[in-house]
Amino acid sequence: MSRHAIYFAPTRATPLWDLGVRWLGHDPETGAATAPMQVPGFPAGRLADLTAPPRRYGWHATLKAPFRLREGVSGYDLALAVRAFAARLEPVTLPPLEVRDLDGFLALVPVVPSERLDWLAALCVEVLDPWRAPLDEAERARRDGGRLDPRGRELLERWGYPWVFERFRFHLTLTGPVEPAEGCQLAAWLSEYFEPALAFPGRVDALAIFHEPAPGEALRLVRRVPLGRP
C-alpha cells in the first residue's frame, strides 16, 4: 500500500527551501523536525493543526500526485523511468510567487501563468502514468467524495487525479483548511515571511521522487533527478 509521487522540491540551501521547511516544521529529505514557528495571534497548537496536512506531504509542488505502483513495478523501476524522462527536459525558471487563498487553503502560487510549468506537469502526468496502478475504490472515494463535476471524474478515472492538464494549478501548499478571517491575517504574515524568496524563487531543475511507506505516514524525499542530464 505504499505510494510514490513526483514533485517539485526547491533546491536545498535556497531561501524557498529553507523558509518552507521551517514553516512546515519538517525536512522531508532528512526527516528532521525544525523548531515551531511563532506567529502573533496564532497559538502554537492552532499553527500545528493548520500546517499538519502539508507537513505530512512535505514541502513541494505536485507534478504527479501520489500513486501506487502497478503490479510488477518496483521503486527502482520508477526511478529509472524518471531518470530517462528527466534527461530529455530542460530546467524551468519559476515566475515570481505570491501567497494566495486556493479554495480555502493558503499556498504559494505564480503571480503570472507559466505555460512551461503547465507543460512540464502535463508531461509528468502522461509519460509516467504507465507505472501507476489503477485506482481502487478507497482512492476513488477519497479523491471524489461526490465533489467533482463530470470533467473532474473523467480526469480522475483516466489519470488517477482530477487536478491535471487544464485544471492543474502549480502551488506549494502552506496550510490545510483555514477560516477566512484567520486566513487573511496569516496570509499577510506569510507574505512578509516568504518575501526573500518570492521575487526570484529559482528554477525547477530536478524532479523529486517522494515515497509514502504506508497510508497516513509522512512522505519522504528519496531522490532528486536533475533535468537535462543523460
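See the structure printed just above.
Next up on the list: the packing of aromatic side chains. In total, this model carries 7 aromatic pairs according to the counting rule given. Relative to Phe-170, the ring of Phe-8 lies with its centre 6.0 Å away and its plane at 40°, an arrangement referred to as tilted. With a gap of 162 residues between them, Phe-8 in strand S1 (residues 3-8) and Phe-170 in the loop between helix H6 (150-159) and strand S6 (172-173) connect regions that are remote in the sequence. Relative accessible area serves as the criterion here: at 1%, Phe-8 is assigned to the buried category. Centroid distance Tyr-193 to Phe-194: 4.9 Å. Interplanar angle 90°. Geometry classified as edge-to-face. The buried category is assigned to Tyr-193, whose relative accessible area is 12%. Under the relative-accessibility criterion, Phe-194 is labelled buried at 0%. Connected via pairs of aromatic rings, a cluster forms that spans Trp-23, Trp-59, Trp-189, Tyr-193 and Phe-194. The positively charged end of Arg-224 is found above the aromatic ring belonging to Trp-17, 4.9 Å away from the centroid.

On to empty space enclosed by the protein, then. This structure, assessed with the given rule, holds 2 cavities of 30 Å³ or more. Lining the largest cavity, in full, are Arg-3, Pro-66, Phe-67, Arg-68, Arg-132, Ala-133, Pro-134, Leu-135, Glu-139, Arg-143 and Gly-160. Breaking the lining of the largest cavity down by element, the ones donating at least two residues are strand S2 (61-67) and helix H5 (137-143). Considering each element in turn, the lining of the second largest cavity owes the most residues, 4 residues, to S2. Partitioning the lining of the second largest cavity into residue classes produces 7 nonpolar, 1 polar and 3 charged.

A separate point is the pairing of strand S4 (residues 97-102). Looking at chain direction, S4 and strand S5 (residues 105-110) are connected through 6 bridges and run antiparallel. Bridging from a neighbouring strand, Leu-102 pairs with Phe-105 of S5. Remark: 2 residues form the turn of the hairpin made by S4 and S5, two consecutive strands paired antiparallel; Asp-103 in that turn has positive phi of roughly 55°.

Definitions and limits used
Residues numbered from 1 in each chain as written. Predicted model: local features only at pLDDT ≥ 70, side-chain atom pairs only at ≥ 80, totals over all residues. Heavy atoms only, no water. Phe/Tyr/Trp six-rings, centres within 6.5 Å; stacked < 30°, edge-to-face > 60°. Helix = DSSP H or I, 4+ residues; strand = E, 2+ residues; numbered from the N terminus. Buried < 20%, exposed > 50% of the residue type's maximum accessible area, 1.4 Å probe, protein only. Lys NZ or Arg CZ within 6 Å of the ring centre and 35° of its normal. 1 Å grid on protein atoms, 1.4 Å probe; cavity = no way out; pocket = protein on both sides within 12 Å on 5 of 7 lines; lining within 4 Å. Points joined across faces, edges and corners; volume = space filled by probe spheres on them. Nonpolar A, V, L, I, M, F, W, Y, C, P; charged D, E, K, R; others polar. Pairing = 2+ DSSP bridges.

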